[in-house]
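# A look at the structure
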Amino acid sequence: MSNDARVERAYALAKDAYAELGVDVDRACAQLATVPISLHCWQGDDVGGFERVADELGGGLAVTGNYPGKARTPDELRADFCRAVSLIPGRHRMNLHACYAETGGQRVARNELTPAHFQTWIDWAREQQLGMDFNPTYFAHPLAADGFTLSHQDPGIRQFWIEHGIVCRRIGAAIGQALGSPCVTNVWIPDGFKDTPVDRRAPRARLREALDAIFAEPIDPRWNLDAVEAKLFGIGSESYTVGSHEFYLGYAVAKGKLLCLDAGHFHPTEVISDKISSVLLFLEEILLHVSRGVRWDSDHVVTLTDELRAIAQELVRDDHLRRVHIGLDFFDASINRVAAWVIGARSMLKALLLALLDPLDRLRDCEGRGDFTARLALQEDLKTLPAGAVWDYYCLQAGVPVGPTAWLNDVKRYESEVLSQRR
Ligand code: RNT
Ligand code: ZN
C-alpha cells in the first residue's frame, strides 16, 4: 500500500471512531486550517538581530548552545524561515523584533526607525502570504545595559525608550496596513532588580507614565494592536520586575490593551491555561507567547505537553480563537534552529487539533449532570483515540511531509546543503 493510501485508510477509521462520539473530524480539520500561528523570527539566530550595537543580549535573556548554521543575514533568516514554514501545515505569521531592521549598513538609532527599515520584510511577507507581528527591542543595547529602560530613573534614557515605543507602533501600523491584517505590537521590557528594592512603587509609576506616552497617538486597530507582556523574574532581575503580572493586567484592563501571557513567565506551579478564561472576561483580545518553562528557563522549544493541550482546550472550548493571538516564544541554539521552529509550531497545531477533536457536548453533559466519574473516564479514554491518523491526513491535505520523520529528512537535507556551508 502506498503511504498516502495508508494515511487515508487510517483517517477513515479514525473518522468513524470520532463520529461514534459525535465529533465531526472534517469540520475540526477545516477549523484548524483557519488558525494562524505567529512564528518568532528570533529562534532563527539566537535573538541576535542585525544591529550589533551591544556585545551582550542582556535583559536577562539567555540562549545556550552553538549548533552550527545560524542565520547571519536577513536573507539567510528569511530563507530558513521559509524552509520551516514549508513544513508546517496552514497559513501563518512571522513575528519580527525591531533589532532585525535593515538599514543598508547605516547605523539607525532605535528611536529613529521607520517603516522603510522594514520594507524588505514587508514585501517578503506579502510574497510569502504571511501576516506579520512586531516588537520594540528593549534589550541588547547600551541604554539598556543597566537593566532599566522605560522605568529608568534618568528621564533622558526613559525618553529614548518611549520614542522607540512610539516609532515601533507606527511601524506595526505600516505592516498591518501593507499586509491587510492587524499587526500585534508587543511591549516587553526587562526592567528589574537583582536584589530587594527599597522602592517598588516609583519604577512602576514611571512605567505607567511611559506606556501612556507611547500609546498616546491613536492608531487604527485594523492595522496595529498594542500588547503588553509581564514576567515574574529574569536572570539578573530575580527579586523584582517592574512589569509584573498585576501591573500589566491592571494596565491592560484600564487602557483596553492586549495582555500578553507568556507560558514561561509565571511561578512554575502557575499555568496560563487557567488564566485565559479569567482575563478574557475583562479584555477583548489577548496575545499568547507559547513557550515552555524548564526550571529557571522560560524559553524551551514548545512540545505537546499537558499544559500546551490545556491552553488549546481553553481557546477551543470557549470559542476564543478569534480573540486570542497565538505567538510562539522560545530560543534554543543547541539543536537545528529550523527544526526547532517546526517542532514548536507543529506541537501547537497538534494541541489545537486534539482540542478540536474533543466531544465537547458529551464532556459538558457529564459535568452538567455532576457525573465526575464519567467526566474523568471520558477525559482519560480520549487520550488514546486515533488523533495521530487525523493529524497525518491533515498534513497530507496541506501538502507538507507526513509521518514521524519525513519533515526532518527535509530539514537534514537543508542542513547539509545550506546551513553547513555557513562558516
Ligand atoms: C522575554 C519575553 C519576550 C522575549 C522576546 C525576544 O522574557 O518572553 O517576549 O522572549 O521579546
Ligand atoms: Zn515572551
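The text that follows walks through the structure, step by step, so that each part is easy to find. All values derive from a computational prediction rather than experimental measurement.

Definitions and limits used
- Residues numbered from 1 in each chain as written.
- Chains lettered and ligands numbered in written order.
- Predicted model: local features only at pLDDT ≥ 70, side-chain atom pairs only at ≥ 80, totals over all residues.
- Heavy atoms only, no water.
- Helix = DSSP H or I, 4+ residues; strand = E, 2+ residues; numbered from the N terminus.
- Buried < 20%, exposed > 50% of the residue type's maximum accessible area, 1.4 Å probe, protein only.
- Contact = heavy atoms within 4.5 Å.
- Patch = residues over 30% accessible without salt bridge, like charges linked within 9 Å, V, L, I, M, F, W, Y side chains within 5 Å.
- Areas by Shrake-Rupley, 256 points an atom, 1.4 Å probe, with all protein chains shown as cover.
- Salt bridge = Lys/Arg side-chain N within 4 Å of Asp/Glu carboxyl O.
- Near = heavy atom within 4 Å.
- Polar contact = N/O pair within 3.5 Å; in protein donor to acceptor, adjacent residues only side chain to side chain.
- Nonpolar A, V, L, I, M, F, W, Y, C, P; charged D, E, K, R; others polar.
- Donors = N, O, S within 2.8 Å, 3.2 Å for Na, K, Ca; no water.
- Tetrahedral: all angles 85-135°; square planar, octahedral: opposite > 155°, others 65-115°.

### Section: the environment of Glu-76
Locating Glu-76 in the fold gives a position in helix H3 (residues 74-85). With a relative accessible area of 15%, Glu-76 lands in the buried category. Along the sequence, Glu-76 and Leu-419 sit 343 residues apart, while their C-alpha atoms lie 9.2 Å from each other. Sequence-distant contacts of Glu-76, defined by excluding residues within four places in its chain, comprise Lys-70, Ala-71 and Arg-422.

### Some words on a nonpolar patch on the surface
A contiguous nonpolar surface patch, about 350 Å² in accessible area, is contributed by Val-253, Leu-281 and Phe-282. Mapped onto the elements, Phe-282 comes out in the loop between helix H8 (276-279) and strand S9 (286-290). For Phe-282, a relative accessible area of 61% translates into the label exposed.

### Re the site of ligand 1
In the vicinity of ligand 1, the residues found are Trp-42, Leu-61, His-97, Phe-139, Trp-188, Glu-229, Lys-231, Asp-262, His-265, His-289, Asp-329 and Phe-331. At a separation of 2.7 Å, an oxygen atom of ligand 1 approaches a polar side-chain atom of His-97. Surface burial for ligand 1 is 99%, taken as the share of its 310 Å² of free accessible area covered by protein chains. Looking at the shell around ligand 1 residue by residue, the classes come out as 5 nonpolar, 3 polar and 4 charged.

### Things to note about the coordination of the zinc ion (ligand 2)
At 2.1 to 2.2 Å from the zinc ion (ligand 2) lie its protein donor atoms, namely Glu-229 (OE), Asp-262 (OD), His-289 (ND1) and Asp-329 (OD). Around the zinc ion (ligand 2) sit 6 donor atoms, and with donor-metal-donor angles ranging over 70 to 169° the site reads as octahedral. Positions of the donor residues of the zinc ion (ligand 2) along the chain correspond to the pattern E-x32-D-x26-H-x39-D. Within this pair, whereas Glu-229 is found in strand S6 (residues 224-229), its partner His-289 is found in strand S9, the two being separated by 60 residues in sequence. Exposure remark for Glu-229: the relative accessible area of 3% places this residue in the buried category.

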